[in-house]
Amino acid sequence: MAWASWLVAAVTHALAPARHARSLIGLAVLLTALVLPAAALTGTPRPPLSVLVPQLALGLLALALPDRLPLWVRLAPAAVAALAAALAVRWLAPEGGYVSYHGAMESLAAVGGALLIVALVLALALAGRRDARGAWALLVLLTPAGLLSVREGGCCPTCGAAR
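Residues numbered from 1 in each chain as written. Predicted model: local features only at pLDDT ≥ 70, side-chain atom pairs only at ≥ 80, totals over all residues. Heavy atoms only, no water.

A separate point is unusual backbone geometry. Although it is not a glycine, arginine 130 sits at a positive phi angle of roughly 60 degrees. Inspection of the secondary structure assignment puts arginine 130 in the loop between α6 (105-128) and α7 (133-148). (Helix = DSSP H or I, 4+ residues; strand = E, 2+ residues; numbered from the N terminus.)

Note that threonine 12 resides in helix α1 (residues 2-15). Apart from residues lying up to four places away in sequence, threonine 12 is in contact with His20, Ala21 and Leu24. (Contact = heavy atoms within 4.5 Å.)

Tallied over the full model, the rule gives one salt bridge. Salt-bridge contacts for aspartate 131 lead to arginine 133; the nearest nitrogen and oxygen are separated by 2.7 Å. (Salt bridge = Lys/Arg side-chain N within 4 Å of Asp/Glu carboxyl O.)

Further remarks concern the packing of helix α4 (residues 49-62) against α7. Packed helix pairs are characterised by how far apart their axes lie and by the angle those axes make with each other. Two numbers describe how α4 lies on α7: the axes approach to 8 Å, and their chain directions differ by 165 degrees. In terms of axis orientation, α4 runs roughly antiparallel to α7. You can see that α4 and α7 cross each other, and the crossing is left-handed. Residues Ser50, Val53, Pro54, Ala57, Leu58 and Leu61 of α4 touch α7, and the partners they reach there are Val140, Leu141, Pro144, Leu147 and Leu148. (Axes fitted to C-alpha atoms, helices over the stretch in contact; angles between N-to-C directions. Parallel < 35°, antiparallel > 145°, perpendicular 65-115°, else oblique. Left-handed = near helix turned anticlockwise from the far one by under 90°.)

Time to look at the nonpolar core. Grouped together as the largest cluster of nonpolar side chains are six residues: Trp6, Ala9, Ile25, Ala28, Val29 and Ala62. At the level of elements, α1 and α2 (18-33) are the ones that each hand at least two residues to this core. Ranked by the residues each element gives to this core, the list is headed by α2, at three residues. In this view, valine 29 contacts Trp6, Leu56, Gly59 and Leu60; residues no more than four positions away in its chain are not counted. (Core = buried A, V, L, I, M, F, W, Y, C linked by side-chain atoms within 4.5 Å. Buried < 20%, exposed > 50% of the residue type's maximum accessible area, 1.4 Å probe, protein only.)

It is worth spelling out the packing of α2 against helix α3 (residues 35-42) at this point. Interaxial distance between α2 and α3 falls to 4 Å at its minimum, and their mutual angle equals 35 degrees. Counted together, Leu31, Thr32 and Ala33 of α2 and Val35, Leu36 and Pro37 of α3 form the full contact between these two elements. Looking at side-chain class alone, the contact of α2 with α3 contains five nonpolar, one polar and no charged residues. (Nonpolar A, V, L, I, M, F, W, Y, C, P; charged D, E, K, R; others polar.)

Right, let's talk about the confidence of the model for the protein chain for a bit. In this model, the protein chain carries a mean pLDDT of 77, and residues with pLDDT of at least 70 account for 80%. Per-element confidence in the protein chain ranges from a low mean pLDDT of 74 for helix α5 (residues 71-92) to a high of 91 for α3. Residue range residues 154-163 is modelled with pLDDT below 50. Its contacts to residues more than four positions away, or to other chains, number 14 contacts. (pLDDT = per-residue confidence, 0-100.)

Together, Val11, Leu15, Leu71 and Leu75 make up an exposed nonpolar region whose accessible area comes to about 380 Å². Only α1 and α5 provide two or more residues apiece to the nonpolar patch. Among the secondary structure elements, leucine 71 is positioned in helix α5. Overall, the relative accessible area of 47% leaves leucine 71 in the partly exposed class. (Patch = residues over 30% accessible without salt bridge, like charges linked within 9 Å, V, L, I, M, F, W, Y side chains within 5 Å. Areas by Shrake-Rupley, 256 points an atom, 1.4 Å probe, with all protein chains shown as cover.)

Let us look at the side chain of threonine 32. Relative to the helices and strands, threonine 32 resides in helix α2. Exposure remark for threonine 32: the relative accessible area of 1% places this residue in the buried category. When neighbours within four sequence positions are excluded, threonine 32 is seen to be in contact with Ala2, Trp6, Leu52, Gln55 and Leu56.

Encoded structure:
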């Protein structure tokens, strides 16, 4: 349910006014935060915190998006997500087609590094025009990028490995 709400929020962000997207992003952040208590109450396995915490951090940042963004800026995350999904299916998916969180931990660290590199390049480009927005964006994105590189100790309780 939480993952579906993020997809709906992303499509709404690309196609609808910001006020609609902001309310759906807030709902997605709330549903993501409720994954841990819901998993504890129902006894179902939960995604690792190294997946949930960066998602919450980036969702909170998305709540601060400006109201009026050009269409190409609103469509850019969808284009990058589609490209990343195609690359993941091509190079990361095993023979059976099932990808777990535990097999994707190395990719999350790479995503964090890529996020940091893109933010740094944009900050430097904007700094060349004496615009400080890039530096602020870099400072804000340091935490989510770092969180994407954090791993929980051991594996999850469902696969029987010790923590």
